[in-house]
Amino acid sequence: MILQMKMLGIDYGDRYVGFAECDSEEILAYPLDTVRVGSMREAISVAAEIAERDGVKLIVVGLPLMPDGNEGERASKTRAFGRVLAKVTGLPVEYADERLTTVQAEGYLAEGGVKKRDMKKYTDKLSAQIILSDYMNAAKARRT
């Protein structure tokens, strides 16, 4: 029997962090919020608060790989964020390739009629939703 759980998806950035969650049945990922942060410490604090408040059991952080699939400086910083977040929350943190999620999110927003100047307030949380949804789909595929 596979136990399903509530997960938190994170699109981590230096200034903005997007958050998404899924239901405990892992059927649907949905955007939560985009939070402007001043430091990694603040981003960790906000993420830990959301995880505790919502009963999250697993955190999925988008990993910004380079176009060739290698990890660069940004990915190293994101992994450091994930390591500290795991220590603070006591929850497992997994990483998911986030290449092109911002482009994909902006495409969805444009299709929905959102003006370019208004996209920033939605892009990061929608990217987090895409990251989490892709992770959930890959996990389901591995189970079958």
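The rules behind each value
- Residues numbered from 1 in each chain as written.
- Predicted model: local features only at pLDDT ≥ 70, side-chain atom pairs only at ≥ 80, totals over all residues.
- Heavy atoms only, no water.
- Helix = DSSP H or I, 4+ residues; strand = E, 2+ residues; numbered from the N terminus.
- Rg over C-alpha atoms; globule rule 2.2 N^0.38 Å.
- Buried < 20%, exposed > 50% of the residue type's maximum accessible area, 1.4 Å probe, protein only.
- Contact = heavy atoms within 4.5 Å.
- Areas by Shrake-Rupley, 256 points an atom, 1.4 Å probe, with all protein chains shown as cover.
- Lys, Arg positive; Asp, Glu negative; His and termini not counted.
- Charge placed at Lys NZ, Arg CZ, Asp CG, Glu CD.
- Pairing = 2+ DSSP bridges.
- Core = buried A, V, L, I, M, F, W, Y, C linked by side-chain atoms within 4.5 Å.

K.L.:
Requested: an account of the overall build of the protein, with residues and values cited.
P.N.:
Looking only at helices and strands, one finds 4 helices and 5 strands in the protein. Starting at the N terminus, the α and β elements of the protein follow one another as β-β-β-α-β-α-β-α-α. Against the globule reference of 15 Å for 144 residues, the protein gives a C-alpha radius of gyration of 14 Å, in line with a compact fold. Seen along its three principal axes, the alpha-carbon backbone of the protein occupies a region of about 45 × 35 × 35 Å. Burial status across the protein gives 44% buried among its 144 residues. Of all intrachain contacts in the protein linking residues separated by at least 6 positions in sequence, the fraction that spans at least 24 positions is 61%. Carbon and sulfur atoms provide 52% of the accessible area of the protein, an area that totals close to 8000 Å². Put simply, the protein has 21 plus and 22 minus side-chain charges, and the middle of one group is 3 Å from the middle of the other.

K.L.:
Tell me what's going on with the environment of A138, and back it up with residues and numbers.
P.N.:
Summarising the element assignment, A138 is placed in helix α4 (residues 120–143). A138 sits in the partly exposed class, given a relative accessible area of 32%. The sequence separation of A138 and A96 amounts to 42 residues, and the corresponding C-alpha distance is 9.7 Å.

K.L.:
So what's going on with the pairing of strand β2 (residues 16–22)? Which residues, and what values?
P.N.:
Burial of β2 is extensive: 6 of the 7 residues sit out of reach of the surface. For strand β1 (residues 7–11) and β2, the ladder comprises 4 bridges, and the chain directions are antiparallel. The partner of G9 across the bridge, within β2, is A20. Two successive antiparallel strands, β1 and β2, enclose a turn made up of 4 residues.

K.L.:
Any details on the nonpolar core? Residues and values, ideally.
P.N.:
What tends to happen in soluble globular proteins is that the nonpolar side chains get buried as a cluster. If you look at the biggest cluster of nonpolar residues, it comprises 21 residues, and the most contacted ones within it are L8, I10, V17, F19, I59, F81 and L85. Elements that contribute at least two residues to this core include exactly β1, β2, α1 (40–54), β4 (58–63) and α2 (73–89). When residues in this core are grouped by element, the largest group, 7 residues, is from α1. If near-sequence neighbours (up to four positions away) are discounted, I59 is found in contact with L8, I10, A51, L85, T89, L91, P92, V93 and E94.

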